[in-house]
Amino acid sequence: MALDPQELGQSNSDLAAILQELRKRAGLSGIQLARRVNMSQSKISKIETGKVTPSLVDVELILRALDAPPDLIAHVTALARIANTEWQDARALRRKGLEKKQVELATLERTTGEFRYFLPTMITGLLATPEYIRASLAPFPGDHSKAIAKKLERQAVLYEPAKRFDFILTEQACRWPLVPAQAMAMQIDRLVSVSRLPNVRLGIIPMAGHMPWAPLNVFTVYDEALATVEVSTGALVFRDPRDIQEYLDEFRTFEGYSLWGEDARVKLTEWADHYRGTSQDL
């Protein structure tokens, strides 16, 4: 289903109004519907007033209980899918200030126990050196000192033993020369160092062998509650369990193509040594 960014945000109120109207047409009270779908009456009320966004499973249960016709089920399910998806426009985020996005991410990281990062194009801020972070923000106008500081502050979350991190990076992400050769060697050395933390698994996918599955986008899964997918113009945030499960399944697929532990560190050290040799030749 195509997602129109202009619809994201309108769909929740539309969904709430349609579900309330369908219940009334069926001649059911909120209490009666709640009993049929095994939900609390307060949850039904919050769904119908737009205070709670129902999952696709919630909506399907309600529609079945109301004997909705197939064409209406398709329409309402599509609304539910959009309501569970948020579009974050990159230009709007930059206008607000890049450091504000870092504060939002830090808040999300405080409430998450398990993180899964798939990084096919570049190294994420949690793993980046100051030079790499500075270079990643260079294309955007303005003073980035606050955003850089916030990114570096966020790295402290890696050292919280109660949290678990799984990173998968492609060879391209590790080796893309965003900074000069010596700085790239230091950046890859940092990946090796972080991979030794007891609560971190860091896998790499070398450009070798046969991999009949091609990565499309950077994505992150927070616990099993939320998935973010980054594209050039912004990010999509998925909250529906089915969407999140798809990204968990994709992550597990790429786990099978990855090198882990000492095998990953050997390959990373080889790449870092290549950049050290390159810098000496200059």
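Going by the structure above, here's the rest.
Everything quoted here is computed from the prediction, not taken from an experiment.

Caption draft 1: Here's a closer look at the overall build of the protein. When its secondary structure is counted, the protein shows 13 helices and seven strands. For the C-alpha atoms alone, the extent of the protein along its principal axes is close to 80 × 40 × 35 Å. Taking all 282 residues of the protein together, the buried fraction comes to 46%. Excluding contacts between residues fewer than 6 apart, the proportion of contacts in the protein whose partners are at least 24 apart in sequence is 76%. Surface exposure of the protein reaches about 14,700 Å², of which carbon and sulfur atoms provide 53%. Across the protein, the 35 positively charged side chains and the 36 negatively charged ones have centroids separated by 5 Å.

Caption draft 2: View of the layout of surface pockets. Size it by volume and the largest pocket reaches roughly 1,300 Å³. Along the walls of the largest pocket sit 47 residues, with Lys101, Lys151, Glu230, Val231 and Gly234 positioned nearest its centre. Among the elements that take part in the lining of the largest pocket, helix α7 (residues 98-110) stands out by supplying seven residues, more than any other. Considered class by class, the residues forming the lining of the largest pocket number 26 nonpolar, 12 polar and nine charged.

Caption draft 3: Region of interest: the pattern of salt bridges. Counted under the stated rule, the structure contains 20 salt bridges. Where Asp243 meets Arg81, a salt bridge forms, and the shortest distance between an N and an O atom there is 2.8 Å. Remark: Arg81 occurs in helix α5 (residues 70-83) and Asp243 occurs in helix α12 (residues 241-255); sequence separation between them is 162 residues. Under the relative-accessibility criterion, Asp243 is labelled buried at 4%. Between Arg276 and Asp189 there is a salt bridge, and its shortest N-O distance comes to 2.7 Å. Highlighted residues: Arg276 in helix α13 (residues 261-281) and Asp189 in helix α11 (residues 181-195), separated in sequence by 87 residues. Under the relative-accessibility criterion, Asp189 is labelled partly exposed at 31%.

Caption draft 4: Looking closely at the sheet that holds strand β3 (residues 164-170). Spatially, the seven strands line up as an open sheet ordered β1-β7-β6-β5-β2-β3-β4, and their pairing is mixed. Whereas interior strands pair on both sides, the edge strands pair on one side only; in this sheet they are β1 (85-89) and β4 (200-205). Across this sheet, the average inter-strand angle for adjacent strands is 15 degrees, counted without regard to direction. Relative to strand β7 (residues 234-238), β1 is paired through five bridges, and the arrangement is antiparallel. Bridge assignment links Gln88 to a residue of β7, and that residue is Ala235. Relative to strand β5 (residues 218-222), α12 is tilted by about 115 degrees, and along the sheet it contacts β2 (114-119), β3, β4, β5, β6 (226-231) and β7.

Caption draft 5: Structural view of unusual backbone geometry. Even without glycine at this site, Asn38 takes up a positive phi of about 60 degrees. Relative to the helices and strands, Asn38 resides in the loop between α2 (30-37) and α3 (41-48). The exposed category is assigned to Asn38, whose relative accessible area is 72%. Non-glycine residue Asp223 carries a positive phi angle of around 50 degrees. Relative to the helices and strands, Asp223 resides in the loop between β5 and β6. Asp223 sits in the partly exposed class, given a relative accessible area of 27%.

Caption draft 6: Inspection of the nonpolar core at higher detail. In this structure, Leu127, Phe165, Phe167, Leu169, Leu202 and Leu268 are the most contacted members of the largest nonpolar core, which totals 43 residues. Per-element tally for this core: the top contributor is α11, with eight residues. Among residues more than four places away in sequence, those in contact with Leu169 are Leu119, Ile123, Leu127, Cys174, Leu191, Leu202, Gly203, Ile204 and Ile205. Counting 21 residues, the second largest nonpolar core, distinct from the first, contains Leu15, Leu56, Ala65 and Ala68.

Caption draft 7: Quick peek at the packing of aromatic side chains. The full count for this structure, using the stated rule, is 10 aromatic pairs. For the ring pair Tyr117 and Phe167, a centre distance of 4.9 Å and an interplane angle of 20 degrees mean the geometry is stacked. With a gap of 50 residues between them, Tyr117 in strand β2 and Phe167 in strand β3 connect regions that are remote in the sequence. Each member of the pair, Tyr117 together with Phe167, is buried. Grouped by ring-pair contacts, the aromatic residues Phe118, Phe219, Phe238, Tyr247, Phe254 and Tyr257 constitute a single cluster.

Criteria and thresholds
- Residues numbered from 1 in each chain as written.
- Predicted model: local features only at pLDDT ≥ 70, side-chain atom pairs only at ≥ 80, totals over all residues.
- Heavy atoms only, no water.
- Helix = DSSP H or I, 4+ residues; strand = E, 2+ residues; numbered from the N terminus.
- Buried < 20%, exposed > 50% of the residue type's maximum accessible area, 1.4 Å probe, protein only.
- Contact = heavy atoms within 4.5 Å.
- Areas by Shrake-Rupley, 256 points an atom, 1.4 Å probe, with all protein chains shown as cover.
- Lys, Arg positive; Asp, Glu negative; His and termini not counted.
- Charge placed at Lys NZ, Arg CZ, Asp CG, Glu CD.
- 1 Å grid on protein atoms, 1.4 Å probe; cavity = no way out; pocket = protein on both sides within 12 Å on 5 of 7 lines; lining within 4 Å.
- Points joined across faces, edges and corners; volume = space filled by probe spheres on them.
- Nonpolar A, V, L, I, M, F, W, Y, C, P; charged D, E, K, R; others polar.
- Salt bridge = Lys/Arg side-chain N within 4 Å of Asp/Glu carboxyl O.
- Pairing = 2+ DSSP bridges.
- Axes fitted to C-alpha atoms, helices over the stretch in contact; angles between N-to-C directions.
- Core = buried A, V, L, I, M, F, W, Y, C linked by side-chain atoms within 4.5 Å.
- Phe/Tyr/Trp six-rings, centres within 6.5 Å; stacked < 30°, edge-to-face > 60°.

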